[in-house]
Amino acid sequence: MKAAFRSRYGRHDVLSIKELDTPIPTENEVLIRVYAATVNRSDCHVLWGKPWVMRLFTGISKPKIAITGCDFAGQVEAIGEQVKTFKVGDKVMGFAGALGYGTHTQYIVFPENKGIVQMPAGLPYEQAAACIEGAFYALGAVRALNPTSKQSALVIGATGAIGSATIQFLSMYGIPVTAVCEAENTELVQSLGATRVIDYKTQDFTQDDHQYDLIVDAVGLYAFSRCRHLLKPNGSYTSSGGTSNLFWALATRFVGNKKVVFNMSFKIKEGLAYIKEKIEGGSFRPVIDRQYPLARVAEAFEYVATGKKLGNVILTIEN
Ligand SMILES: NC(=O)c1ccc[n+]([C@@H]2O[C@H](COP(=O)([O-])OP(=O)(O)OC[C@H]3O[C@@H](n4cnc5c(N)ncnc54)[C@H](OP(=O)(O)O)[C@@H]3O)[C@@H](O)[C@H]2O)c1
């Protein structure tokens, strides 16, 4: 099988396409022919081995997993003897967490009881792949905020994989959502449910006098200290990044009436099942920026690393 392979940490140019043996499923695993996956910001960090603390899990001097990728959409090709919930021919999608699993390849084996579900009916593989990593983190962020319909929300980085999904999950609660993005993407974020749009290129939203019950810094660039005044009393903030937020998450448990909360969801199977349900019900749709074939995986990483993608970048895994 072909796979996106690297033997050391580095930028996209450490990647090459390599021919490897197809894995064999153990009794509780399924063998999946992967047809699409995302190249996402988590994959970039795993490729680079940065931040360094990540290497405690991914390998100190070189990556433990040589193949990149953490999510997948594909078809079950074979099952282990004990597998009960999947059969050969099922279309499935899954996610193994931000630390990588090696999904940028034609075949993977995956445990039946981990983060794998049936794909939404009728959805192409590319679209299914775009409903996994970013959507899962967005769902975790929104659930951590515990929204109610009477609240209002601000989503910063609204056009990213996490941001575009966050707008949709918040809108499901009937919440008015203000999206921070570039003006040219106004129509896109409105189509996802945003009720107000702030162009961050021409307007400093941190100087805005609006206040919100909930703030999601989906792009991870606006620490709580910069956004605190934008929160109403008893409001909550969450972010995809920013180490100072760890301190604030602890401090705001004891001081003040504005909270920093963290998305600590590890229930991937349940989260993906929820996303599948929302796609089938028509209330969630993925945003795809562009697609690359596996042979151009390095280019896909180079583009994702710019931090400019609109929603998701898809890797298609051809024959
Ligand atoms: N904590 C975790 O477990 C976890 C997991 C996954 C990802 N992350 C982190 O979450 C962040 C977002 O991930 P993602 O996949 O959603 O990223 P992404 O898709 O790369 O998001 C980038 C988007 O943010 C917009 N953007 C960039 N700078 C902005 C700014 N200053 N203000 C407003 N919007 C801005 C960009 O729009 P323009 O091109 O228009 O600027 C682009 O559409 C990344 O930093 C990633 O590392 C964290």
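The structure we're discussing is the one just above.
Residues numbered from 1 in each chain as written. Predicted model: local features only at pLDDT ≥ 70, side-chain atom pairs only at ≥ 80, totals over all residues. Heavy atoms only, no water.

Asker: Residue-level account of the site of the ligand, with values.
Answerer: In the vicinity of the ligand lie 21 residues, with Thr159, Ile162, Glu182, Tyr200 and Lys309 positioned nearest. Within the side chain of Thr159, an N or O atom sits 2.7 Å from an oxygen atom of the ligand. Across the complex, the protein chains shield 85% of the 930 Å² of accessible surface that the ligand would expose by itself. Mapped onto the shell around the ligand, the elements with two or more residues apiece are helix H1 (41-48), helix H4 (133-145) and helix H5 (161-171). With 3 residues, the single largest contributor to the shell around the ligand is H1. Within the shell around the ligand, the residues separate by chemical class into 8 nonpolar, 8 polar and 5 charged. Counting the residues that make up the shell around the ligand, at least three belong to each of domain 1 (2-131 + 286-316) and domain 2 (135-260). (Near = heavy atom within 4 Å. Polar contact = N/O pair within 3.5 Å; in protein donor to acceptor, adjacent residues only side chain to side chain. Areas by Shrake-Rupley, 256 points an atom, 1.4 Å probe, with all protein chains shown as cover. Helix = DSSP H or I, 4+ residues; strand = E, 2+ residues; numbered from the N terminus. Nonpolar A, V, L, I, M, F, W, Y, C, P; charged D, E, K, R; others polar. Domains from an automatic or database assignment.)

Asker: Can you lay out the packing of aromatic side chains for me, pointing to particular residues and giving the numbers?
Answerer: One pass over the structure, following the stated rule, counts 12 aromatic pairs. In this structure an aromatic cluster arises from ring pairing among Phe224, Tyr237, Phe247 and Trp248. Here the basic side chain of Arg33 rests over the ring of Tyr107, its NZ or CZ set 5.8 Å away from the ring centre. Residue placement shows Arg143 over the ring face of Tyr274; its charged tip is 4.7 Å from the ring centre. (Phe/Tyr/Trp six-rings, centres within 6.5 Å; stacked < 30°, edge-to-face > 60°. Lys NZ or Arg CZ within 6 Å of the ring centre and 35° of its normal.)

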